[in-house]
Amino acid sequence: MKKENINKIFESIANKYDLMNDIMSFRLHRKWKEKLVNLINIDGKKEYTILDLGAGTGDISNQINKKNKNKSNYSIVLADPNIEMIKNGRIKLKENNLKWLASYGEKLPFKNSKFDFVTMSFSLRNVYNINLTLSEINRVLKKNGQFICLEFGKIKSLTLNSIYSIYSENVIPKLGQKITGNITAYNYLVESIKKFPSQDKICKILKSKKFTNIKFYNLNFGVAVIYICKKK
Ligand SMILES: C[S@@+](CC[C@H](N)C(=O)[O-])C[C@H]1O[C@@H](n2cnc3c(N)ncnc32)[C@H](O)[C@@H]1O
């Protein structure tokens, strides 16, 4: 899908985005995001820089700040191309270690080797060019910097997969219609999950983009997945 159309979709649901996430995932997305955040280690005296790409309304940064209340040795850039998502995020998050930025992942306005961590949560699926985005992430990470990504995955069990398909194809668009008034956005969500590559394929793509130590953790039987890897 063209980047302008993806942008329109998020623009139209931005003010109901958080509510809809809670409802359609039975609040599970919060647990999954917590698991991602638990993989970020910012202990010690060093100053850490974090980029949350496709930050949306800022859930990942919110959880990083909650988990690290007593630390002041890090700052986060929240980048997202969608101004409406950013506006809603800025209403929610007021901490001054957060800097919001309107940017696509495919062309990041940073010098090389700037960040210790790049996170993405449910946004890699939405970029218009996954190869360019991963190359950019690799470029802006420091050597040994980590890319940690939460996305939807493929469920191995055929039975569970059929149950999940019934739920996502029949229930999610109707819920989306009821809550946001926009069925197209939630048909897009279901389609984008179906089209997104499997866990094995994503690991191959990460390897081709010069990431190393690539691991993934399936969450709830592979409904969601966390990928973690390093820049060589
Ligand atoms: C499903 S939301 C995820 C938001 C947030 N990270 C979360 O987990 O709740 C996907 C986000 O990706 C953003 N996005 C779309 N295209 C993008 C691109 N090319 N580069 C970076 N982010 C993009 C959208 O604007 C949207 O805010």
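Since the structure is predicted, the reported quantities are computational estimates derived from the model, not experimental observations.

Across its full length, the chain carries 9 helices and 7 strands. Here the C-alpha atoms of the chain give a radius of gyration of 17 Å, agreeing with the 17 Å that 2.2 N^0.38 yields for 232 residues. Principal axes of the C-alpha set define a box for the chain whose edges measure 50 × 40 × 35 Å. The buried share among the 232 residues of the chain stands at 53%. Residue pairs at least 24 apart in sequence account for 72% of intrachain contacts in the chain once pairs closer than 6 positions are excluded. Surface accessibility of the chain: about 11,900 Å² in total, with carbon and sulfur atoms responsible for 54%. Here the chain carries 42 positive and 19 negative side-chain charges, and the mean point of each set is 4 Å from the other.

Here we come to the pattern of salt bridges. Overall, the coordinates contain 14 salt bridges when judged by the stated rule. Residue Lys92 is joined to Asp18 by a salt bridge in which the shortest nitrogen-to-oxygen separation is 2.9 Å. Within this pair, whereas Lys92 is found in helix α5 (residues 83-92), its partner Asp18 is found in helix α2 (residues 17-24), the two being separated by 74 residues in sequence. Across the pair Lys31 and Glu34 runs a salt bridge whose closest N-O atoms are separated by 3.7 Å. Pair noted here: Lys31 and Glu34 are both in helix α3 (residues 28-38), with a separation of 3 residues, about one helical turn. Taken together, the shared-partner salt bridges connect Asp18, Lys33, Asp59 and Lys92 into one network.

Remark: a regular strand shows side chains that alternate across the two faces of the sheet. Of all 8 residues that make up strand β7 (residues 224-231), 7 are buried, and the element is covered over most of its length. Strand direction decides the pairing type here: strand β5 (residues 141-152) and β7, joined by 7 bridges, are antiparallel. In the sheet register, Cys149 faces β7, and the bridge partner there is Tyr227. Bridge count for strand β6 (residues 211-219) against β7 is 7 bridges, and the pairing is antiparallel. In the sheet register, Asn218 faces β7, and the bridge partner there is Val225. Hairpin connection of β6 to β7: 4 residues between the antiparallel strands, including Asn220 at a positive phi of 45°.

Considering the arrangement of structural elements, one finds Tyr104 in the loop between β3 (98-102) and β4 (115-121). A sequence separation of 51 residues divides Tyr104 from Ile155, and the C-alpha atoms of the two residues are 29 Å apart. Beyond its immediate chain neighbours, meaning those up to four positions away, Tyr104 contacts Lys3, Asn7, Pro81 and Tyr128. A polar contact is formed between the side chain of Tyr104 and the side chain of Asn7, at a distance of 2.7 Å.

Take the site of the ligand next. The immediate surroundings of the ligand are formed by 20 residues, with Tyr17, Gly54, Asp80, Gly105 and Ser121 found nearest. Between the ligand and Gly54 there is a distance of 2.8 Å, counted from a nitrogen atom to a backbone nitrogen or oxygen. For the shell around the ligand, the class distribution of residues is 10 nonpolar, 7 polar and 3 charged.

The subject of this paragraph is helix α6 (residues 130-140). Three- or four-residue spacings in an α-helix give side chains the same orientation, since the helix completes a turn every 3.6 residues. Listing the buried residues of α6 in full gives Ile130, Thr133, Leu134, Glu136, Ile137, Asn138 and Val140. Where α6 is buried, its residues meet β1 (48-53), β4, β5, α9 (199-208), β6 and β7. Residue Asn129 occupies the N-cap position of α6, its side-chain oxygen lying 3.1 Å from the main-chain nitrogen of Asn131.

On to the packing of helix α7 (residues 158-180) against helix α8 (residues 183-195). Contact geometry of α7 with α8 gives a least axis separation of 7 Å together with a crossing angle of 155°. On the basis of their axis angle, the class for α7 and α8 is roughly antiparallel. For α7 against α8, the interelement crossing comes out right-handed. Every residue of α8 that contacts α7 at Tyr164, Ser168, Glu169, Ile172, Pro173, Gly176, Gln177 and Thr180 is listed here: Ile183, Tyr186, Asn187, Leu189, Val190, Ile193 and Lys194. Grouping the amino acids of the contact of α7 with α8 by side-chain chemistry returns 8 nonpolar, 5 polar and 2 charged.

Basis of the calculations
For every chain, the first residue of the written sequence is number 1, and numbering continues from 1 onward in sequence order. Residues qualify for local features only when their pLDDT is at least 70, as the model is predicted, and side-chain atom pairs are given and counted only at 80 or more; totals for whole chains, interfaces and linings, by contrast, use all residues. Side-chain measures were taken over the full set of non-hydrogen atoms in the model, leaving aside hydrogen atoms and water. Here a strand is any run of E in DSSP of at least two residues, a helix any run of H or I of at least four, and the numbering for each starts at the N terminus. The globule rule is 2.2 Å times the number of residues to the power 0.38, and the radius of gyration it is compared with is taken over C-alpha atoms. Whether a residue is buried, partly exposed or exposed follows from its accessible area with a 1.4 Å probe, protein chains only, as a fraction of its type maximum: under 20%, in between, or over 50%, in that order. Any two residues whose heavy atoms approach within 4.5 Å at even a single point are treated as in contact. Here, Shrake-Rupley sampling with a 1.4 Å probe gives the accessible areas, and only protein chains in the shown set may cover a residue. Note that His is not counted, nor are the chain ends; the positive residues are Lys and Arg, and the negative ones are Asp and Glu. Lys charges are placed at NZ, Arg charges at CZ, Asp charges at CG and Glu charges at CD. Salt bridges, as used here, are contacts in which a Lys or Arg side-chain nitrogen is within 4 Å of a carboxyl oxygen on Asp or Glu. A pair of strands is considered paired only if DSSP assigns at least 2 bridges between the two. Any pair of N or O atoms that falls within 3.5 Å is considered a polar contact. Within protein, one atom must be able to donate a hydrogen and the other to accept it, and sequence-neighbouring residues count only if both atoms are side-chain atoms. Residues are counted as near a molecule or strand when any one of their heavy atoms sits within 4 Å of it. Any residue that is not Ala, Val, Leu, Ile, Met, Phe, Trp, Tyr, Cys, Pro, Asp, Glu, Lys or Arg is counted as polar, Gly included; the first ten are nonpolar and the last four charged. Only C-alpha atoms enter the line fits that serve as axes; for helices the fit covers just the stretch in contact. Angles between N-to-C directions range over 0 to 180 degrees. Should an angle lie under 35 degrees it is considered roughly parallel, over 145 roughly antiparallel, and from 65 to 115 roughly perpendicular; all remaining angles are considered oblique. The handedness criterion is simple: a crossing whose near helix is rotated anticlockwise from the far helix by less than a right angle is left-handed, and one whose near helix is rotated clockwise is right-handed.

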